[in-house]
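Here are the chains, one letter per residue:
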Amino acid sequence: MVIILFGAPGVGKGTQAALLAQRMGVGHLSTGDEFRKAIDNQTEVGKLAKRYVDAGDLVPDDVVARIVEEALEQPQYNSGVILDGFPRSIAQAEALDRMLTQHNKEISYVVNINVDSEAVVQRLLARGRKDDKEDIIRHRMNVYNNETAPLLEYYSKLGSKLKNADGNADVEEVYNRIREVIS
Ligand code: AMP
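Residues numbered from 1 in each chain as written. Predicted model: local features only at pLDDT ≥ 70, side-chain atom pairs only at ≥ 80, totals over all residues. Heavy atoms only, no water.

Enquirer: So, the overall build of the chain: which residues are in play, and what are the values?
Expert: A tally of regular secondary structure across the chain gives nine helices and five strands. Element order for the chain, N to C, with α for helix and β for strand: β-α-β-α-α-α-β-α-β-α-α-α-β-α. Computed over its C-alpha atoms, the radius of gyration of the chain comes to 15 Å, within 12% of the 16 Å expected for a compact globule of 183 residues. When the backbone C-alpha atoms are referred to their principal axes, the chain occupies close to 40 × 35 × 30 Å. (Helix = DSSP H or I, 4+ residues; strand = E, 2+ residues; numbered from the N terminus. Rg over C-alpha atoms; globule rule 2.2 N^0.38 Å.)

Below is the structure:
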C-alpha cells in the first residue's frame, strides 16, 4: 500500500497522513518532518537542507530522493506508507517510480486534497511554524504552483488511482472523504 497525499501547503496533508497511517497500520513518511529533524540534529542532510527549508524553496531532488530511499528501507514501512510532501517535482516522481519498481511495489492511490487558497494561508499563519511567515507562505504557494502542481498531469497516467478529496471541512470529515475515495 503506497498512498501519496498531494496538495498545496496547508491543505492538511500532515494531519491526514498521520491519521491514515495510525488507523490503517502503515508508516507515515513526511519529507518535511525528515528535514526538520535533520536540521535540529545538524546532520549533513540538515546542513544541506536548512537554507532551502527556511526560504520555502525545494530541497534539491537528489537530496530528497536519497532520504526517501533510506527511510523506506526501515521496517515500519513494510506494511505500507503514506507519503506526505513527496514527490514535489517531476524528477522526484520519476525517482519514486524507479524505487518502487526496484522493490516490486506500485502506487496504490494519489489523493489530491483541495482547499480554497486564502483559507490555506490563514491556516498556515495560525500554525506558526518557523517557515509560516506570510511572505514565505506565499513563496511556498508559488513553488507549489510552478513545480509541484504539474505532477497532477504526470499522475493522470494512473487513471482511476488519482483521486480528489475536498479538504474544506473539519479533520474527521476530510478523513472520511479520503477513506471513501481509497476504499
Ligand atoms: P512541508 O513540511 O511538507 O511543508 O515541507 C517543509 C519544507 O521542507 C518545504 O518548504 C521544503 O523546503 C522542504 N521539503 C519537504 N519535502 C520536500 C520535497 N519532497 N522536495 C523538496 N523539498 C521538500
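Moving on, there is more to tell.
Enquirer: Run through the pattern of salt bridges, naming residues and quoting values.
Expert: Evaluation of the coordinates by the stated rule reveals 16 salt bridges. With a shortest N-O distance of 3.9 Å, Glu44 and Lys47 are connected by a salt bridge. With a gap of three residues between them, Glu44 and Lys47 both fall in helix α3 (residues 44-55), about one helical turn apart. Like Lys47, Glu44 is exposed. Between Glu173 and Arg177 there is a salt bridge whose closest N-O contact spans 3.0 Å. With Glu173 and Arg177 both in helix α9 (residues 171-181) and four residues apart, the pair spans about one turn of that helix. Taking the relative accessible area as the measure of exposure, Arg177 reaches 25% and is therefore partly exposed. In this structure, a network of salt bridges that share partners links the residues Arg127, Arg129, Asp131, Asp132 and Arg140. (Salt bridge = Lys/Arg side-chain N within 4 Å of Asp/Glu carboxyl O. Buried < 20%, exposed > 50% of the residue type's maximum accessible area, 1.4 Å probe, protein only.)

Enquirer: Outline the side chain of Asn112, supporting the account with residue identities and numerical values.
Expert: Note that Asn112 resides in strand β4 (residues 109-114). By relative accessible area, Asn112 is classed as buried at 5%. Here the side chain of Asn112 touches Asn164 through a polar contact of 2.9 Å, side chain to side chain. Here Asn112 is in contact with Phe6, Gly7, Tyr144, Leu152, Lys163, Asn164 and Ala165, once residues within four sequence places are set aside. (Polar contact = N/O pair within 3.5 Å; in protein donor to acceptor, adjacent residues only side chain to side chain. Contact = heavy atoms within 4.5 Å.)

Enquirer: Any chance you could break down the site of the ligand for me, citing the residues and the numbers?
Expert: In the region of the ligand, 17 residues are neighbours, and Thr31, Arg36, Asp57, Gly85 and Gln92 sit closest. Between the ligand and Gly85 there is a distance of 2.9 Å, counted from a nitrogen atom to a backbone nitrogen or oxygen. Between the ligand and Gln92 there is a distance of 2.9 Å, counted from a nitrogen atom to a side-chain nitrogen or oxygen. If the ligand stood free it would expose 480 Å²; the protein chains cover 95% of that surface. When contributions to the shell around the ligand are tallied by element, the ones reaching two or more residues are α2 (31-40) and α3. For the shell around the ligand, the element with the highest residue contribution is α2, accounting for four residues. Taken together, the residues that form the shell around the ligand break down as seven nonpolar, four polar and six charged. (Near = heavy atom within 4 Å. Areas by Shrake-Rupley, 256 points an atom, 1.4 Å probe, with all protein chains shown as cover. Nonpolar A, V, L, I, M, F, W, Y, C, P; charged D, E, K, R; others polar.)

Enquirer: Tell me about the packing of aromatic side chains, and please be specific about residues and values.
Expert: One pass over the full model with this rule turns up two aromatic pairs. Ring plane angle 50 degrees and centroid distance 6.0 Å describe the contact between Phe6 and Tyr144, whose orientation is recorded as tilted. Of the two residues, Phe6 sits in strand β1 (residues 2-6) while Tyr144 sits in helix α7 (residues 134-148), which places them 138 residues apart along the sequence. Arg23 extends its terminal NZ or CZ atom over the ring of Tyr175, reaching a point 4.5 Å from the ring centre. (Phe/Tyr/Trp six-rings, centres within 6.5 Å; stacked < 30°, edge-to-face > 60°. Lys NZ or Arg CZ within 6 Å of the ring centre and 35° of its normal.)

Enquirer: Got a sec to walk through the sheet that holds strand β5 (residues 162-166)? Specific residues and values, please.
Expert: Strand order in the open sheet formed by five strands is β2-β3-β1-β4-β5, and the pairing between neighbours is parallel. Each edge of the open sheet is held by one strand with a lone partner, namely β2 (27-30) and β5. On average, each strand axis in the sheet is inclined to that of its neighbour by 20 degrees, with strand direction left out of account. Pairing geometry for β1 and strand β3 (residues 81-84), over four bridges, is parallel. Looking across to β3, one finds that Ile4 is bridged to Leu83. Relative to the sheet, α2 contacts β2 and β3, its axis offset from that of β2 by approximately 65 degrees. (Pairing = 2+ DSSP bridges. Axes fitted to C-alpha atoms, helices over the stretch in contact; angles between N-to-C directions.)

Enquirer: Help me get a handle on the side chain of Gln92, residues and values and all.
Expert: Residue position: Gln92 is located in helix α5 (residues 90-102). When residues no more than four places from it in sequence are discounted, the contact partners of Gln92 are Val59, Asp61, Val64, Phe86 and Pro87.

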